[in-house]
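Coordinate analysis (summary)
So the chains spell out like this:
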Amino acid sequence: RMLSRCLSRLSHSPLSSLRALNTYCIHPNEGLNAEQKEIQNTARSFAMNEMRPHMAKWDEEESLPLDVLRKAGDLGFGALYCDVEYGGSGGSRTDASVVFEQLAMGDSSTAAYMSIHNMCAWMIDTYGSVALREKHLPSLASFEQLASYCLTEPDSGSDAAALRTSAVRKGDYYVVNGSKAFISGAGQSSKYVVMMRHEGEPGPKGIFCLLVEDGMEGFSLGKKEKKLGWCSQPTRIINFEDCKVPVSNQIGGDREGFNIAMAGINGGRLNIASCSLGAAQMSVDIAIDHLKVRKQFNKPLADLQWNQFKLAELATKISASRLMVRRAALSMDENSRQKAAHCAMAKLFATENCFEVVSGAMQMLGGYGMLKDFPLQQFMRDCRVHQVIEGTNEIMRLVIARDLLTKPTALSDA
């Protein structure tokens with residue numbers, strides 16, 4: 001279904017601004033099947049025609065392009081790996097990773113928000129009741145309504161199990177009190193997937209999940225934050241003051257919230273790594289074109305050996321990052337026992353290396369790289385966010401180390 005949507009849209013999309021995928025020295029479709037290559041082409045066409053021309057404007061005006069999101073919904077990009085019965089595209093995690101990589105080449109900030117929206121849709125689809133899925137997923141899949149993920153609080157971030165927002169059941173409602181911080185999409189979203197504590201019960205087992213809808217009694221928004229990166233998507237604190245949420249809006253069981261959060265974040269880390277990959281790829285493409293045209297000392301910059309060596313290093317980092325990301329996506333698709341570690345590795349490796357790639361590409365442009373007329377400075381700002389979001393990279397190291405220390409080694413079997 002996703003492929004049919006993509007091909008229908010692709011047949012009506014101008015491709016004049018598209019560099020053919022097979023001309024890339026760092027080939028982005030290696031290992032993909034024919035259907036995934038078609039999806040990749042469609043996502044790239046959409047990114048280049050609908051997103052990249054407006055990337056700087058959205059960044060400067062700090063505006064989320066709702067009309068463009070709805071066009072993305074027409075392609076099936078609003079619920080990429082959700083059930084087709086409720087409007088989802090039924091794609092794999094590899095499909096989604098490929099899409100987000102391409103979308104990030106057009107605008108890394110908006111693509112990253114789209115990945116968060118998809119994570120919320122997946123949580124509702126996977127853990128929500130049939131009634132919740134029927135009510136909310138079609139409008140999320142089309143981007144007619146937007147969703148935000150709410151885990152972090154003003155006093156708890158990396159230690160997610162320490163969250164304090166609480167809910168007490170009173171008849172057919174939960175009464176919620178507390179706050180959530182750094183909520184992407186807040187103010188534009190109408191659905192908020194919120195992790196909270198069940199009647200003060202301590203520890204991870206006391207956490208459960210509610211779908212809070214904009215306009216519910218006791219729900220309010222804080223001021224819009226001014227940020228270094230991710231400027232196209234609004235970020236706010238959200239507050240609950242005796243907020244009444246129907247019991248029917250519960251997602252999953254009473255003690256399942258922490259596990260739901262962690263399962264969602266695995267995919268979120270994969271998606272954010274994919275967005276870093278797209279930003280890095282586009283940055284190197286821009287740098288290559290600049291090196292071929294810009295002359296110094298009576299010859300193109302591309303002829304200078306230092307630039308050639310540096311370009312080779314950047315290309316290697318992109319290729320290695322893509323391999324890590326694709327392995328993590330496959331691990332998710334296969335529901336591997338190592339999927340959490342693989343997603344953490346991909347997020348750690350790709351976000352750090354791709355940030356270095358963007359910085360290296362900026363250096364090749366010299367003074368032009370500092371200008372807001374060129375997208376490299378925005379890619380750099382957005383990629384810096386990726387090292388913090390969906391768990392800081394310090395936490396990624398902790399996840400990986402714990403996985404290593406709890407698995408048997410070759411010597412253990414000897």
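Source: prediction; values computed, not measured.

**Some thoughts on the packing of aromatic side chains**
Enumeration according to the criterion identifies six aromatic pairs in this entry. Judged by centre distance (5.0 Å) and plane angle (45°), the rings of Tyr192 and Phe219 are tilted. Placement of Tyr192 in strand E4 (residues 191-198) and of Phe219 in strand E6 (residues 219-221) is noted, with a sequence separation of 27 residues between them. Residue Tyr192 shares its accessibility class with Phe219, and that shared class is buried. Taken together, the ring pairs in this structure connect Tyr192, Phe219 and Phe240 into an aromatic cluster. The cationic tip of Arg93 hangs over the ring face of Tyr81; the distance from NZ or CZ to the ring centre is 3.9 Å. When the ring centre of Tyr173 is taken as reference, the NZ or CZ atom of Lys244 above it lies at 4.7 Å.

**Here we look at unusual backbone geometry**
Of note, the phi angle at Asp242 is positive, near 50°, even though the residue is not glycine. Structurally, the position occupied by Asp242 is in strand E7 (residues 235-246). The phi dihedral of Asn298 falls on the positive side, at around 65°, and the residue is not glycine. You can see Asn298 is positioned in the loop between strand E9 (295-296) and strand E10 (299-300).

**Quick notes on the UniProt feature "domain: Acyl-CoA dehydrogenase/oxidase N-terminal" (unreviewed entry) in the protein**
The UniProt record annotates "domain: Acyl-CoA dehydrogenase/oxidase N-terminal" (unreviewed entry) at residues 34-144. Along residues 34-144 one finds 72% helix and 0% strand; the C-alpha atoms at either end are 30 Å apart.

**Quick word on the environment of Tyr174**
Of note, Tyr174 is situated in strand E3 (residues 173-184). For the pair Tyr174 and Ala328, spaced 154 residues apart in sequence, the C-alpha separation works out to 37 Å. Apart from residues no more than four positions distant in its own chain, Tyr174 is found in contact with Ala167, Val168, Arg169, His198, Phe208, Leu210, Cys243, Lys244, Val245, Val247, Gln250 and Asp254. A distance of 2.8 Å separates the side chain of Tyr174 from the side chain of Gln250, its partner in a polar contact.

**Structural notes on the state of the cysteines**
Scanning the entire structure with this criterion turns up zero disulfides. With no disulfide of its own, Cys120 lies closest to Cys150 among cysteine sulfurs, the gap being 7.2 Å. With relative accessibility at 0%, the residue Cys120 sits in the buried group. For Cys354, which is in no disulfide, the shortest distance to another cysteine sulfur is to Cys383 and amounts to 6.6 Å.

Rules used throughout
- Residues numbered from 1 in each chain as written.
- Predicted model: local features only at pLDDT ≥ 70, side-chain atom pairs only at ≥ 80, totals over all residues.
- Heavy atoms only, no water.
- Phe/Tyr/Trp six-rings, centres within 6.5 Å; stacked < 30°, edge-to-face > 60°.
- Helix = DSSP H or I, 4+ residues; strand = E, 2+ residues; numbered from the N terminus.
- Buried < 20%, exposed > 50% of the residue type's maximum accessible area, 1.4 Å probe, protein only.
- Lys NZ or Arg CZ within 6 Å of the ring centre and 35° of its normal.
- UniProt positions renumbered as here; feature names shortened; annotations may be inferred.
- Contact = heavy atoms within 4.5 Å.
- Polar contact = N/O pair within 3.5 Å; in protein donor to acceptor, adjacent residues only side chain to side chain.
- Disulfide = S-S within 2.5 Å.

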